Amino acid sequence: MNNHTDNVPSLTVLLRQLQQVPYLASKNLYRVAHHFLMMDNNKLQQFCAALTTAKNNISKCTTCWAWRENDRACMLCCPPRDTRIICVVETWYDLFALEKTGAYKGTYHVLGGAIYPLEGIGPENLTISALVQRAAQNCDEIILAMNQTPEGEATASFIARTLHNIPAKITCLARGVPVGSSLEFTDKLTLHKALSERRSF
């Protein structure tokens, strides 16, 4: 005998699954569902296979906390990158926004977000302790590249206080990045300027 779930229309099940995808606006649910339903079967299988393969083969680097292939060294942590400089970002897509500028050749550290008490996100929920361990080693400069939001500013201030005994220089991006903006959506020229003209924090 079929249970209640088995009797739910397939389209409803699909829409419910899409509703669980963060950042996918509700107004786009039907368009995305339509896209998948209209997709050629071979392309759909390729899409599903790529997603499954990525899920199985990609993990977080235990040094910088960006995504990397399981069986390969993290390309963001190895020479010729300057391992004495660490650029701290909130998310891995902020990292790639900075990478696209071509202006930075150091390493990164992905926090996994920003301190946001109202959402239950504290310092212990981010990779700040791992950053402290890295900074205490052979490090000349730490760039705090938080987003110009209240949460980003609070996170940068907390990290600066936490690292006050570390001999490394602590800097931040120049104010060319608009207040309230995210690095992900800032143009390459502005990010290039913000990186090259970074200042002491």
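Refer to the preceding data block for the structure.
This text gives an overview of the structure that appears in the document. Remember, predicted model here, so these are calculated numbers, not experimental data.

## Quick look at the overall build of the protein chain
The helix and strand tally for the protein chain stands at seven helices and seven strands. Taken from N to C terminus, the helices and strands of the protein chain fall in the order α-α-α-β-β-β-α-β-α-β-α-β-α-β. For the protein chain, the spread of C-alpha atoms along the principal axes amounts to about 70 × 40 × 35 Å. Burial analysis of the protein chain (201 residues in total) assigns 37% to the buried set. Contacts spanning at least 24 positions in sequence make up 56% of the contacts within the protein chain whose residues lie at least 6 apart.

## Quick notes on unusual backbone geometry
Residue Pro80 is reached from Pro79 by a cis peptide bond, and omega for that bond is 15 degrees. Mapped onto the fold, Pro80 is located in the loop between strand S2 (67-69) and strand S3 (82-89). In this model, Tyr23 sits at a positive phi of 70 degrees, which is unusual for a non-glycine residue. In this fold, Tyr23 is placed in the loop between helix H1 (10-19) and helix H2 (29-38). In this structure, Trp65 takes a positive phi of about 70 degrees despite not being glycine. Topologically, Trp65 is positioned in the loop between strand S1 (58-60) and S2. Residue classification places Trp65 among the partly exposed residues on the basis of a relative accessible area of 28%.

## Some points on the side chain of Thr171
Within the fold, Thr171 resides in strand S6 (residues 169-172). Looking at Thr171, the relative accessible area reads 4%, which means it is buried. Within the structure, the side chain of Thr171 is placed 2.7 Å from the side chain of Glu141, a separation counted as a polar contact.

## Some details on the side chain of Thr91
Of note, Thr91 is situated in the loop between S3 and helix H4 (92-99). Here Asp94 takes part through its side chain, which lies 3.1 Å from a polar atom of the side chain of Thr91.

## Digging into the packing of aromatic side chains
Scanning the entire structure with this criterion turns up four aromatic pairs. Between the aromatic rings of Tyr104 and Tyr108, the centroid separation amounts to 5.0 Å while the plane-to-plane angle is 65 degrees, which identifies the pairing as edge-to-face. For the residue pair Tyr104 and Tyr108, the accessibility class agrees, reading buried in each case. Taken together, the ring pairs in this structure connect Trp92, Tyr93 and Phe96 into an aromatic cluster.

## Focus: the nonpolar core
Within the largest apolar cluster, 22 residues are counted, with the highest numbers of intra-cluster contacts made by Cys87, Val89, Leu98 and Tyr108. Those elements that place two or more of their residues in this core are S3, H4, strand S4 (106-110) and helix H7 (188-196). Filtering out sequence-adjacent residues up to four positions away, Leu98 remains in contact with Cys87, Val89, Tyr108, Ala145, Leu183, Leu191 and Leu195. Leu111, Leu144, Met146 and Ile159 belong to the second-largest nonpolar core, a separate cluster that totals 19 residues.

The rules behind each value
- Residues numbered from 1 in each chain as written.
- Predicted model: local features only at pLDDT ≥ 70, side-chain atom pairs only at ≥ 80, totals over all residues.
- Heavy atoms only, no water.
- Helix = DSSP H or I, 4+ residues; strand = E, 2+ residues; numbered from the N terminus.
- Buried < 20%, exposed > 50% of the residue type's maximum accessible area, 1.4 Å probe, protein only.
- Contact = heavy atoms within 4.5 Å.
- Polar contact = N/O pair within 3.5 Å; in protein donor to acceptor, adjacent residues only side chain to side chain.
- Phe/Tyr/Trp six-rings, centres within 6.5 Å; stacked < 30°, edge-to-face > 60°.
- Core = buried A, V, L, I, M, F, W, Y, C linked by side-chain atoms within 4.5 Å.

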